[in-house]
Amino acid sequence: MAKQYDVLFRLLLLGDSGVGKTCLLCRFTDNEFHPSHISTIGVDFKMKTLVIDGIKVRTQIWDTAGQERYQTITKQYYRRAQGIFLVYDITSERSFQHIMKWASDVDEYAPEKVQKILVGNKSDEVDKRQVATEQGVKLAKAYGMDFFETSAFTNHNITETFTRLAEQVLAANKKDLDLLRMSNDELNLAALEEEEGLCDSTAGDERKGCWC
Ligand SMILES: Nc1nc2c(ncn2[C@@H]2O[C@H](COP(=O)(O)OP(=O)(O)OP(=O)(O)O)[C@@H](O)[C@H]2O)c(=O)[nH]1
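Heads up: these notes are all about the structure in this document. (Residues numbered from 1 in each chain as written. Predicted model: local features only at pLDDT ≥ 70, side-chain atom pairs only at ≥ 80, totals over all residues. Heavy atoms only, no water.)

Quick word on the side chain of Asp89
(1) Moving on: Tracing the backbone shows Asp89 in strand β4 (residues 83-89).
(2) Moving on: Asp89 sits in the buried class, given a relative accessible area of 6%.
(3) Moving on: Excluding residues that lie within four positions of it along the chain, Asp89 makes contacts with Gly18, Val19, Ser95, Asn121, Lys122 and Val131. (Helix = DSSP H or I, 4+ residues; strand = E, 2+ residues; numbered from the N terminus. Buried < 20%, exposed > 50% of the residue type's maximum accessible area, 1.4 Å probe, protein only. Contact = heavy atoms within 4.5 Å.)

Some points on the packing of aromatic side chains
(1) Moving on: In the structure shown here, the tally under the stated rule is eight aromatic pairs.
(2) Moving on: Where Phe45 meets Trp62, the ring centres are 4.5 Å apart and the plane angle is 45 degrees; that geometry is what we call tilted. In this pair, Phe45 sits in strand β2 (residues 43-52) while Trp62 sits in strand β3 (residues 55-64), placing the two residues 17 residues apart along the sequence.
(3) Moving on: Residue Phe45 is classed as buried on the basis of its relative accessible area of 0%.
(4) Moving on: Accessibility expressed as a relative area gives 11% for Trp62, which makes it buried.
(5) Moving on: Both rings, one in Tyr78 and one in Tyr109, keep their centres 6.1 Å apart while their planes meet at 90 degrees; by these two values the pair is edge-to-face. Of this pair, Tyr78 sits in the loop between α2 (71-75) and β4 while Tyr109 is found in helix α4 (residues 99-109), placing the two residues 31 residues apart along the sequence.
(6) Moving on: Residue Tyr78 is classed as buried on the basis of its relative accessible area of 0%.
(7) Moving on: Members of the aromatic cluster, connected to one another through ring pairs, are Phe28, Phe85 and Phe162. (Phe/Tyr/Trp six-rings, centres within 6.5 Å; stacked < 30°, edge-to-face > 60°.)

Points about unusual backbone geometry
Glycine aside, residues mostly have negative phi, and peptide bonds are mostly found in the trans state.
(1) Moving on: Non-glycine residue Asn31 carries a positive phi angle of around 50 degrees.
(2) Moving on: With respect to the helices, strands and loops of the structure, Asn31 is situated in the loop between α1 (21-30) and β2.
(3) Moving on: In this structure, Asn157 takes a positive phi of about 65 degrees despite not being glycine.
(4) Moving on: By the secondary structure assignment, Asn157 is in the loop between β6 (146-149) and α6 (158-173).

Brief notes about the site of the ligand
(1) Moving on: Neighbouring the ligand are 26 residues; Ser17, Lys21, His34, Pro35 and Asp124 lie closest to it.
(2) Moving on: Note that an oxygen atom of the ligand is positioned 2.6 Å from one of the side-chain N or O atoms of Ser17.
(3) Moving on: Pro35 places a main-chain nitrogen or oxygen 2.7 Å from an oxygen atom of the ligand.
(4) Moving on: Protein contact buries 92% of the 650 Å² of open area that the ligand shows by itself.
(5) Moving on: Among the elements that take part in the shell around the ligand, α1 stands out by supplying three residues, more than any other.
(6) Moving on: Its residues placed into classes, the shell around the ligand shows seven nonpolar, 13 polar and six charged. (Near = heavy atom within 4 Å. Polar contact = N/O pair within 3.5 Å; in protein donor to acceptor, adjacent residues only side chain to side chain. Areas by Shrake-Rupley, 256 points an atom, 1.4 Å probe, with all protein chains shown as cover. Nonpolar A, V, L, I, M, F, W, Y, C, P; charged D, E, K, R; others polar.)

Overview of the pairing of β2
(1) Moving on: Taking burial as the measure, the 10 residues of β2 include seven buried ones, the bulk of the element.
(2) Moving on: Strand direction decides the pairing type here: β2 and β3, joined by 10 bridges, are antiparallel. Note that in β3 the partner of Phe45 across the bridge is Trp62.
(3) Moving on: Counted along the chain from β2 to the antiparallel partner β3, the turn is two residues long, and its residue Asp53 has a positive phi close to 50 degrees. (Pairing = 2+ DSSP bridges.)

Some remarks on the pattern of salt bridges
Close approach of charged atoms lets side chains of opposite charge pair.
(1) Moving on: Here the structure, examined in full by the defined rule, presents 10 salt bridges.
(2) Moving on: Between Asp107 and Lys116 there is a salt bridge whose closest N-O contact spans 3.8 Å.
(3) Moving on: Since its relative accessible area comes to 23%, Lys116 is described here as partly exposed.
(4) Moving on: Ionic pairing is found between Arg164 and Glu167, a salt bridge with its closest N-O pair at 3.9 Å. (Salt bridge = Lys/Arg side-chain N within 4 Å of Asp/Glu carboxyl O.)

Looking at α6
Each turn of an α-helix holds 3.6 residues, which means side chains three or four residues apart point in the same direction.
(1) Moving on: Counted at 1.5 Å a residue, the expected span for α6 with its 16 residues is 22 Å, and the 23 Å between its end C-alpha atoms agrees.
(2) Moving on: Of all the positions in α6, only Ile158, Thr161, Phe162, Thr163, Leu165, Ala166, Gln168, Val169, Leu170 and Asn173 are classed as buried. (Expected span 1.5 Å × (residues − 1).)

Considerations on the packing of α1 against α6
(1) Moving on: Contact pair α1 / α6: the axes reach a minimum separation of 9 Å and the direction vectors enclose 90 degrees. In terms of orientation, α1 lies roughly perpendicular with respect to α6. Within the contact between the two elements, α1 uses Leu24, Leu25, Arg27 and Phe28 and α6 uses Ile158, Thr159 and Phe162.
(2) Moving on: For the contact of α1 with α6, the class distribution of residues is five nonpolar, one polar and one charged. (Axes fitted to C-alpha atoms, helices over the stretch in contact; angles between N-to-C directions. Parallel < 35°, antiparallel > 145°, perpendicular 65-115°, else oblique.)

Okay, structure coming up:
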């Protein structure tokens, strides 16, 4: 069977419970928005292919539970990530303060080469804003990350944010592209199985309609 993509990257969504990680992912992959908050249990993932510089990049995006009690499980996924979204909610100063804690976990558990991007979600909630755009810009600069404010609700900056991280991962791995291509031959089979409904996600939430 013809190969359906050139490289496969694993991206990870991290951030406090309720910041909108699942909604960002559902908006990006299915153009859907779910108004209710049903906490992710453990981890779940969805996939989408992007074409960047003529290269078919298959993104496998892992949505992690923000709740503290799942941290032991979710930390096991950092190790294999090539890109990480650090997400806060612009209506929650607390979720913004916690980015420091998420970033230090990434430093501890993710590969050194991992690419990161800072995301301030719920930009549509103008009246409830607690975190100024400038605060996000400043923090991202301090960490050397790119920064986007997004809204899963209005679809603001969603494609841009996911594409940017995939571009960063691609740039960081360009030298190893041939090696990646080779190792992804094995992954092709696993991905096809997932697409055919043999998804092995650890513990997603079916009620969200967010199964791969
Ligand atoms: N207004 C607005 N609400 C949003 C946005 N994104 C998510 N929400 C809402 O925020 C709540 C939490 O969203 P989720 O995507 O479930 O949050 P999460 O980060 O995945 O939460 P956990 O799974 O518990 O870690 C839900 O009620 C969403 O509808 C957004 O961009 N704008």
